[in-house]
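# Examination of the molecular architecture
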Amino acid sequence: MITISGACTLLFLSHQSQGFQFAPLSNPMASKAATLSALNSMTEGAAASSGYTATQYGPDMEAYANGFKTAFNEISCSLSTPYVGELPDDLIGTYYRCGPAMFSAGSLPPPKNSLVKPKQPPVPDGTDPSRMVLHPYEGDGAILAMTFQGGGTATTRFRYIRTNAFTNERKKGKKLYTGMESTRTSTVGVGNDFPLPYYRHHLLTGLNKLRKNTSNTRAIFFGKKLLSLWSGGLPYKLDSLALSTDGRSQLGGVIKREESALGGKAAYDAQRNRLVFYGVDEDSSSSQLNIYEFNSKFQPISDNDGIVQVKLPGLALMHDFAITENYAVFVQPTLKVNGMQYMLSKEPGKTLTMDEEPSLVHIIARPSNKRAGDMATFQIPTDGASDANLQFVNAFEEQDGTVVFDVIRSDGSNMQGANTRWPWASSLADYQNISSKKSLWRYRVHPQNGFISKDCISNDQIYFGVVNSDFSGRPHRFIYAAAGALGEDVAPPQGITKYDLDSFTYESWFPESHEFCGEPIYAKRRGDESEDGGYILSVLFNGRDEFSELVVLQASNIGAGPIARVPIGIAVPHGYHGCFASTDDANWTFEEIERRAKLADKMETRGSMWNEVKSDFSGLGLRFDDMEEYFGDLM
């Protein structure tokens, strides 16, 4: 366990805020100076063979880089048993996680009886540069699922999401989508940040070969439906059991135009069991923000037909947001748009530059609010660091109406260049050149009185901050995040950290130098209603031996490390965002999942999935849950 004490450079904006001071829990880690000294003096690979934790010798970057290798195998259905510890009986439900998994385009062979055979067979990463993506974010998305039935085992699946782009490149056996390549080669700063860049899609709107929807960013399960999201396109609907792809979804017809774009985030309203999406119709001079709110049956709420639309100034490039009881909260960075390049190319790297003007925070009344669509906008005072590419952790309202939101900020001033060569970051220096300095902050703004403050909670390098989803949109005490092993210095996500915002303490667990955790997800313990009485789940990648596992930690005792380690069966590349579904709707037996998986495999072998899917209906025919989505309570 690690503590911070005065780690932040506190900001005093608009009023004198006290900021956050964390008191020690324990301090087994060597000092940062000693760690960096060891890093500089150790021989290559010494940490990987020593068995020391990442905080003693820092990250083994060659092992980390191995997490950007294409997954050439899928898992249809497999029964997994912990090789360390035991799975608790009260961990019931399904864990989903999404992320890029194919970095050499067209590298999953088609079904054996397919009439279309690719001209180029799959190739190992790096052997054909013309097939390599230039940033991991451009990799085709895959989804991992593990279902816990409470009997000491888990049912594991891993499949690529059969997007139209994935299918097209699979047919041809080569890379077909290159719209973002000039942006990847020319942009320095958060536009090409690791692991998630600020420039995520081409600016040409609609369905086109410049905007490749990889559906690789976030998995969500709600109202018996599983979706994968990507910023700039429609989500893909997946079978919750087999993970087979049903096709692009217009959310039951709520999104009227197929070429419309959704953001890569959906926010959960824990109090009312609702889900809120957003999408932005971007233009150079003004943009339209669309907010969609759904009830527990995944139907639009009756208030305002579940939709709010507001106009925003300029080109609004926003990839995250949060909700409170009454509002949706967005931060819009100010961008300069090159009008000529916008007309000619619409490539983000050529068209957009970060403006030094203050970013804007928009507080917008949700569709369920009596004043739906009312918007209050305020400038965020500048402090030398960008407010672009914020990752929202959670938001809530205080008794006086003040909106509070916690975010991870990305300061790209340390970034030195754009590295497009696979595997991108095989040394610490390479990684520190292409990944921004990230830290945890709290913003406070009043919808009537304006911006109040932003304070640094922790200056340590963290990623993928989350809360217990039962506290989404409500005041929270705990934040869980993936953490770098070098304290305030830039390092890849590796350990798991828990912040206690009431006692001002923080505890962490770090694995060995060659092991790297991704996003922590809170899994509710059956029958428990407390904020930290459940479990934390995270995919751990072992880069030395090249395999992946799911680690299970007690949320109340992160520093004790995993209580169970469950092998996945293959090496799953570093991923992005996921969720845990603890409802009975996501608690299937191994036999149920196996039957569905065999059916999905059989349908693909027959080649029916080679037809391009453009709606909520797929080659599998009209499914019951599709009918339920469209006709709802009439059934």
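In case you missed it, the structure is sitting above this.
Treat the numbers as computed from the prediction; the structure is a model and nothing was measured. (Residues numbered from 1 in each chain as written. Predicted model: local features only at pLDDT ≥ 70, side-chain atom pairs only at ≥ 80, totals over all residues. Heavy atoms only, no water.)

## Considering the sheet that holds strand β1 (residues 75-80)
Taken in spatial order, the 5 strands of this open sheet run β1-β5-β4-β3-β33, and their pairing is antiparallel. What marks the edges here is a single partner per strand, and that holds for β1 and β33 (578-581). Across the sheet, the mean angle from the axis of one strand to that of its neighbour is 20°, orientation sign disregarded. Bridge count for β1 against strand β5 (residues 154-160) is 4 bridges, and the pairing is antiparallel. (Pairing = 2+ DSSP bridges. Helix = DSSP H or I, 4+ residues; strand = E, 2+ residues; numbered from the N terminus. Axes fitted to C-alpha atoms, helices over the stretch in contact; angles between N-to-C directions.)

## Re the nonpolar core
Core analysis: the biggest nonpolar cluster contains 29 residues, and Leu91, Tyr95, Phe148, Phe158 and Leu537 have the highest contact counts within it. For this core, the elements supplying multiple residues, two or more each, are β3 (93-102), β4 (140-148), β5, β29 (521-523), β30 (535-542), β31 (547-554) and β32 (562-567). In terms of residue count, β4 provides more of this core than any other element does, 4 residues in total. What Leu91 contacts, discounting residues up to four positions off in sequence, is Phe148, Gly150, Ala523, Tyr535, Leu537, Val552 and Phe580. Grouped together as the second largest cluster of nonpolar side chains are 24 residues, Met61, Tyr64, Trp424 and Ile434 included. (Core = buried A, V, L, I, M, F, W, Y, C linked by side-chain atoms within 4.5 Å. Buried < 20%, exposed > 50% of the residue type's maximum accessible area, 1.4 Å probe, protein only. Contact = heavy atoms within 4.5 Å.)

## Section: the sheet that holds strand β24 (residues 462-466)
Paired through backbone hydrogen bonds, the strands of a sheet run either parallel or antiparallel to each other. Within the open sheet, the 4 strands sit side by side as β24-β25-β26-β27. Their pairing is antiparallel. Of all the strands in the sheet, the pair left with one neighbour each is β24 and β27 (505-509). The sheet shows a mean angle of 25° between the axes of neighbouring strands, taken without regard to direction. As paired strands, strand β26 (residues 495-500) and β27 are joined by 5 bridges and run antiparallel to one another. Looking at the pairing, Asp500 lines up with Thr505 of β27.

## Details of unusual backbone geometry
Residues Phe194 and Pro195 are joined by a peptide bond in cis, for which omega reads 0°. If you trace the backbone, Pro195 turns up in the loop between α6 (181-186) and β6 (218-222). With an omega dihedral of 5°, the bond running from Trp422 to Pro423 counts as a cis peptide bond. Relative to the assigned elements, Pro423 resides in the loop between β21 (403-411) and α9 (428-434). Located in the positive-phi region is Leu251, a residue other than glycine, with phi close to 55°. Within the fold, Leu251 resides in the loop between β9 (245-248) and β10 (267-269). One non-glycine residue, Asn304, lies in the positive phi region at around 55°. Structurally, the position occupied by Asn304 is in the loop between β12 (286-294) and β13 (307-313).

## A look at the environment of Ser548
Inspection of the secondary structure assignment puts Ser548 in strand β31. Once you skip the residues sitting within four places of it in the chain, Ser548 turns out to touch Val539, Leu540, Phe541, Pro567, Ile568, Gly569, Ile570, Ala571 and Val572. There is a polar contact of 2.8 Å between the side chain of Ser548 and the backbone nitrogen of Val572. (Polar contact = N/O pair within 3.5 Å; in protein donor to acceptor, adjacent residues only side chain to side chain.)

## Some details on the pattern of salt bridges
Counted under the stated rule, the structure contains 38 salt bridges. Its salt-bridge partner being Asp601, residue Arg159 comes within 2.7 Å of it at the nearest N-O pair. Residue Arg159 is found in strand β5, and its partner Asp601 is found in helix α10 (residues 590-605); the two are separated by 442 residues along the sequence. When its relative accessible area of 3% is taken as the criterion, Arg159 is described as buried. Glu604 is the salt-bridge partner of Arg162, the closest N and O atoms lying 2.9 Å from each other. With Arg162 in the loop between β5 and α5 (164-172) and Glu604 in helix α10, this pair connects stretches of sequence that are 442 residues apart. (Salt bridge = Lys/Arg side-chain N within 4 Å of Asp/Glu carboxyl O.)

## Regarding the packing of aromatic side chains
Applying the stated criterion to the full structure yields 27 aromatic pairs. For the pair Phe103 and Trp424, a centre-to-centre distance of 5.9 Å together with 75° between the ring planes defines the contact as edge-to-face. Of the two residues, Phe103 is situated in the loop between β3 and β4 and Trp424 in the loop between β21 and α9; the sequence distance between them amounts to 321 residues. The residues Phe103 and Trp424 share a single accessibility class, namely buried. The rings of Tyr64, Phe68, Phe103, Phe194, Trp424, Tyr431 and Phe516 are connected pair by pair, giving a single aromatic cluster. Looking at Lys346, its charged tip hangs above the ring of Tyr342, at a distance of 4.5 Å from the centre. Across from the ring centre of Phe478, 4.3 Å away, lies the NZ or CZ of Lys498, which sits over that ring. (Phe/Tyr/Trp six-rings, centres within 6.5 Å; stacked < 30°, edge-to-face > 60°. Lys NZ or Arg CZ within 6 Å of the ring centre and 35° of its normal.)

Read these as geometric descriptors, not functional statements.
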